[in-house]
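Reading the structure
The chain contents come next:
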Amino acid sequence: MTFADTGKEFRAGTKLTLLGRNPEDQSGFANAPLYKGSTIIYKTLDDFENLRSRFYYGTAGSPTIANLEDAWTELTGAAGTVLSPSGLGSIALALLSFSKAGDHILITDSTYEPTRLFSTRFLAKYGVEAEYYDPLIGADIEKLVRPNTSIIFLESPGSQTLEVQDVPAIAKVAQKHNIITIIDNTWATPVFFRPHDHGIDVTIEAGTKYLGGHSDMLLGLTTANQKCWPKLRQTYDAMAMLPGAEDCQLALRGMRSLAVRLRDIQYKSVALAKMLQNRPEVETVLHPALESCPGHKIWKRDFKGCTGVFSIVLKDGIERNDIERMLNNMKIFGMGLSWGGYESLIVPFQAKRIRTATKFGYESLTLRLQVGLEDLADLEMDLQAGLDRLNFKRKAKL
Ligand SMILES: *Cc1c(COP(=O)(O)O)cnc(C)c1O
């Protein structure tokens, strides 16, 4: 039994520390060395002719890549994992693996915008038609199924607007019609939600976010269940789009502290969401752990926790120049894309602009927050002062 195998009996937090390394093979060192390379050397002609080794060439992976793949497979309860140079790369890989010319695919209207752009700018050229659906559709998705529907793509909670989807209900419809389900699980990570346990075929994690955890790398992880694994791996091998070894090593390092970071982020994200809910400038808080979030009950039923990305809708009457005053003077919250790093971020977004199947219910300005590893009291202070700069009460009186 290897050291990694012993990890299988333990809970997620413990597994995160045990998996993806094997000190027995590493001269006793706690961490695995970094493998980089293209060429694998064979000792005999027979070995060469039969490519007798786990890796036959750099594009087939390396021990560094395999350590992360194997760990992620175990954490997600999948049959296998492949790694891509970015989260978007994983999304492209999954969509390409399970669609062909003439297919119809269903994508949640709440999805991460580049997923939508990949479908409209790329898949459409190859004769795949994407249709968008209401993230809260649940079992009614059956009404949108066509004879040529090959994929239902989910993202739960949705990017920016945070609707939590009824994953088991959608997976059940998909299974009945032999449709492949793919979910972008970046928000929850397998620590808080394991989609394969809820009937999903393929999962995507932008490792760039919480797994890396330090805003210093890009990575995507795609997993599949037994049914979908051969096809996913086959497409992957045909394209050979691998991440760099250093980024895999950073992901393995990030993995060790994933559960600890998420625990800290969870408590602060709930505390900040509740604080914001009580501010006069805030119309509503879109946070899966709060009742005001569409799909909150499903989150409670299916998820083990919540992470640190959520949104707020501001009251009507707050204008761009007010927001500018707020955001330009934040002391901790930076303005930047991406999330999942150690630093807190805040960015305005326009859900209305992106949607096509449903209408985002609010006209006023919206902000997306990412809670980092700073102290709660400092984050609270920064947000309170920022909202004070909107001068909303004074404006309302005029
Ligand atoms: C960031 C993100 C991605 C893409 O990850 P990259 O590594 O930045 O390409 C995919 N899905 C979601 C939900 C994301 O937030």
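All of these numbers come straight from a predicted model, not from anything done at the bench.

**Brief notes about the overall build of the protein chain**
Counting its secondary structure elements, the protein chain contains 16 helices and eleven strands. A compact globule built from 398 residues should have a C-alpha radius of gyration of about 21 Å, and the protein chain, at 22 Å, falls within 12% of that. Projected onto the principal axes, the alpha-carbon positions of the protein chain cover approximately 85 × 55 × 35 Å. Looking at the protein chain as a whole, 55% of its 398 residues are labelled buried. Partitioning the contacts of the protein chain with sequence separation of at least 6, the portion at a separation of at least 24 is 72%. As presented, the protein chain carries roughly 18000 Å² of accessible surface, and 53% of it is formed by carbon and sulfur atoms. Measuring between centres, the 46 positive side-chain charges of the protein chain sit 3 Å from its 46 negative side-chain charges.

**Section: the pattern of salt bridges**
As enumerated under the stated definition, the model contains 26 salt bridges in all. Arginine 301 is the salt-bridge partner of aspartate 302, the closest N and O atoms lying 2.8 Å from each other. A cluster of three or more residues bridged by salt bridges with shared partners is formed by Asp46, Asp47 and Arg52.

**Focus: helix 15 (residues 376-388)**
Between the first and last C-alpha of helix 15 there are 18 Å, a value that for 13 residues agrees with the 18 Å anticipated at 1.5 Å per step. Three or more residues of helix 15 are buried, namely Leu376, Leu379, Asp382, Leu383, Gly386 and Leu387. All buried residues of helix 15 lie within an arc of 130° about the axis, which places them on one face of the element. Turning to helix 15, the residues buried within the fold contact helix 11 (258-277), strand 9 (309-314), helix 13 (320-327), strand 10 (345-349) and strand 11 (366-370).

**Examining the domain arrangement of the protein chain**
The domain boundaries assigned to the protein chain delineate domain 1 (3-256) and domain 2 (258-397). Every contact between the two is made by 40 residues of domain 1 and, on the other side, 41 residues of domain 2. Summed over both partners, the interface of domain 1 with domain 2 comes to about 3600 Å²; 62% of that surface belongs to carbon and sulfur atoms. It is Trp187, Phe192 and Tyr210 in domain 1 that bury the most area against domain 2; as a group they hold 25% of the surface buried on that side. In this structure, the connection of domain 1 to domain 2 is made through three salt bridges. One salt bridge in this structure joins arginine 355 and glutamate 163, with 2.8 Å as the shortest N-O distance. If you look at where domain 1 meets domain 2, you find 22 residue pairs in polar contact (both at pLDDT 80 or more). Elements represented by at least two residues in the side of domain 1 that touches domain 2 include exactly helix 2 (12-18), helix 6 (113-121), strand 3 (129-133), helix 8 (189-192) and helix 10 (245-256). In terms of residue class, the side of domain 1 that touches domain 2 is made up of 17 nonpolar, 15 polar and eight charged.

**Observations concerning the UniProt feature "modified residue: N6-(pyridoxal phosphate)lysine" (unreviewed entry) in the protein chain**
In the numbering used here, UniProt assigns the "modified residue: N6-(pyridoxal phosphate)lysine" (unreviewed entry) feature to Lys209. Its location among the elements puts lysine 209 in the loop between strand 6 (202-206) and strand 7 (220-224). A relative accessible area of 9% places lysine 209 in the buried class. Beyond its immediate stretch of four places on either side in the chain, lysine 209 contacts Thr186, Ser338, Trp339 and Gly340.

So, how was this worked out
- Residues numbered from 1 in each chain as written.
- Predicted model: local features only at pLDDT ≥ 70, side-chain atom pairs only at ≥ 80, totals over all residues.
- Heavy atoms only, no water.
- Helix = DSSP H or I, 4+ residues; strand = E, 2+ residues; numbered from the N terminus.
- Rg over C-alpha atoms; globule rule 2.2 N^0.38 Å.
- Buried < 20%, exposed > 50% of the residue type's maximum accessible area, 1.4 Å probe, protein only.
- Contact = heavy atoms within 4.5 Å.
- Areas by Shrake-Rupley, 256 points an atom, 1.4 Å probe, with all protein chains shown as cover.
- Lys, Arg positive; Asp, Glu negative; His and termini not counted.
- Charge placed at Lys NZ, Arg CZ, Asp CG, Glu CD.
- Salt bridge = Lys/Arg side-chain N within 4 Å of Asp/Glu carboxyl O.
- Expected span 1.5 Å × (residues − 1).
- Arc of directions from axis to C-beta.
- Domains from an automatic or database assignment.
- Buried area = accessible area lost by both parts, 1.4 Å probe.
- Polar contact = N/O pair within 3.5 Å; in protein donor to acceptor, adjacent residues only side chain to side chain.
- Nonpolar A, V, L, I, M, F, W, Y, C, P; charged D, E, K, R; others polar.
- UniProt positions renumbered as here; feature names shortened; annotations may be inferred.

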